[in-house]
Amino acid sequence: MTGEKSILVIATLDTKGTEAFYLRDKIAELGKRPIVLDISLRGQGESEANISPPEVAEAGGSSLKEIHESGDRVAITATITKGAIQIAKKLVETGKVHGVIGIGGSTGSLIATDVMRALPFGLPKLMISSTAALPGMSTRYIDTGDILLMHSVIEISGLNDLLRNVIDRAAYAIAGMVEVAPIQKAEPGGKRIAMTMLGPCEKCASSVRGGLAQRGFQVVGFSAAGIGDRAMEDMVAQGLFDGVVDLAPGGVMDHLIGGTR
């Protein structure tokens, strides 16, 4: 890619506006073009975002009026998430966004990382979250995505020297990551093969990898422990691989007999 790189900034501006705009301005200061996506669930008045809540709600098949009148927070969150995903995917597919960064607490982190996981492997994704260290939350946020999760440690509630330092570091990180060339399809003659792996079949995996490498294939391994193999399926759907060797179908064994050994 050439020219100015654009970074999508995802935040709930009704609760994290000051912090999100500081992040936006820092990204612009670093020579990148920030595009702010406001995922506020109940924001009132005009939004200073490039993409406002009414646009997100419409993309999700609803309207801000319907959202404000609804008492079903689960349904509201699902609508906003759906709309944000549709908008982000279109921006990426048309080459208008080269990286994504989010900032928020629990709700903001859940929505923003749902959006990130819907985007292609290799697209830079960074989430600044004050709830990253809560038990079970980091695995929920990342799941099968290639997301860099940054624990803010302090609450994202009003700017101070410590929070500015956190945001500054995150801005520098995403600004650097978008300069890395995106993933391309394998060159002819150097096709990629995805292969599930697990400890008990390590020797077999090494043998299979060696044989395929001798024939000019790139072999990319995935742990069959429940996350890696699901991630592999997502990446296969993106067209990153030319074939699959399901050497260790651990998820199937877990389902059938309750264990991979």
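What counts, and where the lines are drawn
Per chain, residue numbering runs from 1 following the sequence as it is written. Per-residue local features are limited, in this predicted model, to residues with pLDDT of at least 70; the limit for side-chain atom pairs, both in listing and counting, is 80 or more; totals at the level of whole chains, interfaces and linings are taken over all residues. Excluding hydrogens and water, the side-chain figures rest on all heavy atoms present in the structure. DSSP-based pairing: two strands are paired if at least 2 bridges between them are found. Labels follow the DSSP assignment, with helices taken as runs of H or I lasting at least four residues and strands as runs of E lasting at least two, numbered in each case from the N terminus. To get an axis, fit a line to the C-alpha atoms, keeping to the stretch in contact for a helix; angles then go from 0 to 180 degrees between the N-to-C directions. Nitrogen and oxygen atoms within 3.5 Å of one another constitute a polar contact, given that in protein one can donate a hydrogen and the other can accept it, and given that sequence-neighbouring residues count only through two side-chain atoms. Contacts are assigned to residue pairs that have any heavy atoms within 4.5 Å of one another. For this analysis, a nonpolar core means a set of buried residues of the types Ala, Val, Leu, Ile, Met, Phe, Trp, Tyr and Cys, connected via side-chain atoms within 4.5 Å. The buried label applies to any residue whose accessible area, calculated with a 1.4 Å probe on protein chains only, is under 20% of its type's maximum; exposed applies above 50%, and partly exposed to all values in between. By convention, orient the strands away from the viewer: a clockwise path from the first strand over the helix to the second makes the crossover right-handed. Under this scheme an angle from 65 to 115 degrees is roughly perpendicular, one under 35 degrees roughly parallel, and one over 145 degrees roughly antiparallel; angles in between are oblique. Left-handed describes a crossing whose near helix is turned anticlockwise from the far helix through less than a right angle; right-handed describes the clockwise counterpart. Note on residue classes: Ala, Val, Leu, Ile, Met, Phe, Trp, Tyr, Cys and Pro are nonpolar, Asp, Glu, Lys and Arg are charged, and everything else, Gly too, is polar. Each aromatic pair joins two rings of Phe, Tyr and Trp (for Trp, the six-membered one) with centres within 6.5 Å, and gets the label stacked for planes under 30 degrees apart, edge-to-face for over 60, and tilted for any other angle.

S.K.: Go over the sheet that holds strand β2 (residues 33-38), please, and point to the residues and values.
M.R.: Taken in spatial order, the five strands of this open sheet run β2-β1-β3-β4-β5, and their pairing is parallel. The open sheet is flanked by β2 and β5 (148-151), the only strands paired with a single partner. For this sheet, the mean angle separating the axes of adjacent strands, direction not counted, is 20°. Bridging between strand β1 (residues 6-11) and β2 involves six bridges; their strand directions are parallel.

S.K.: An account of the side chain of Ser 62 is requested, with residue identities and associated values reported.
M.R.: By secondary structure assignment, the location of Ser 62 is in the loop between α2 (53-59) and α3 (64-69). Engagement of the side chain of Ser 62 in a polar contact is seen with the side chain of Glu 66, the distance being 2.7 Å. Leave out the neighbours within four places in its chain, and Ser 62 touches Ala 57, Ile 67 and Thr 79.

S.K.: Just give me the short version of the nonpolar core, but keep the residues and values in it.
M.R.: One recurring pattern in soluble globular proteins: nonpolar side chains tend to sit buried together. Core analysis: the biggest nonpolar cluster contains 28 residues, and Leu 8, Ile 10, Leu 37, Ile 51 and Val 100 have the highest contact counts within it. Here the element with the most residues in this core is helix α4 (residues 73-93); it accounts for eight residues. Sequence-distant contacts of Leu 37, defined by excluding residues within four places in its chain, comprise Leu 8, Val 9, Ile 10, Ala 11, Ile 51, Val 56 and Ala 84. In terms of nonpolar packing, the next biggest core, distinct from the first, is built from 23 residues, Leu 13, Ala 20, Val 166 and Ile 174 among them.

S.K.: Give a detailed account of the pairing of β2, specifying residues and quantitative values.
M.R.: The buried fraction of β2 is high, at five of six residues. In this fold, β1 hands off to helix α1 (residues 13-29), which returns the chain to β2; that crossover is right-handed.

S.K.: Account for the pairing of strand β6 (residues 192-197), with residues named and values stated.
M.R.: By the criterion of burial, β6 is predominantly enclosed, with five of the six residues buried. As paired strands, β6 and strand β7 (residues 218-223) are joined by six bridges and run parallel to one another. Across the sheet, residue Thr 196 finds its bridge partner in β7, namely Phe 222. Read from β6 through helix α8 (residues 202-214) to β7, the crossover connection turns out right-handed. Of the pairings in the sheet, the one linking β6 to strand β8 (residues 243-245) comprises three bridges and is parallel in character. The residue bridging Ile 193 from the neighbouring strand is Gly 243, located in β8.

S.K.: Please set out the packing of α1 against helix α7 (residues 161-177) residue by residue, giving values where relevant.
M.R.: Packing of α1 against α7 brings their axes to within 9 Å, and their N-to-C directions diverge by 45°. With respect to α7, the element α1 is oriented oblique. You can see that α1 and α7 cross each other, and the crossing is right-handed. Listed contacts from α7 to Glu 19, Tyr 22, Leu 23, Lys 26 and Ile 27 of α1 are Leu 163, Arg 164, Ile 167, Asp 168, Ala 171, Tyr 172 and Ile 174. Classifying every residue of the contact of α1 with α7 by side-chain character gives eight nonpolar, no polar and four charged.

S.K.: Help me get a handle on the packing of aromatic side chains, residues and values and all.
M.R.: Enumeration according to the criterion identifies one aromatic pair in this entry. Ring geometry for Phe 222 against Phe 241: centres 5.8 Å apart, planes inclined by 80°, an arrangement best described as edge-to-face. Here Phe 241 lies in the loop between α9 (228-237) and β8 and Phe 222 lies in strand β7, a separation of 19 residues in the sequence. Accessibility expressed as a relative area gives 10% for Phe 222, which makes it buried.

S.K.: Explain the packing of α4 against helix α5 (residues 106-117) residue by residue, including any values.
M.R.: At a minimum axis separation of 9 Å, α4 and α5 run at an interaxial angle of 40°. Looking at the two axes, α4 sits oblique to α5. Crossing handedness for the pair α4 and α5: right-handed. Contacts from Arg 73, Thr 77, Ile 80, Thr 81, Ala 84, Ile 85 and Ala 88 in α4 reach Thr 107, Ile 111, Asp 114 and Val 115 in α5. Residue classes in the contact of α4 with α5 are distributed as six nonpolar, three polar and two charged.

None of the figures reported here should be taken as evidence of function without further support.
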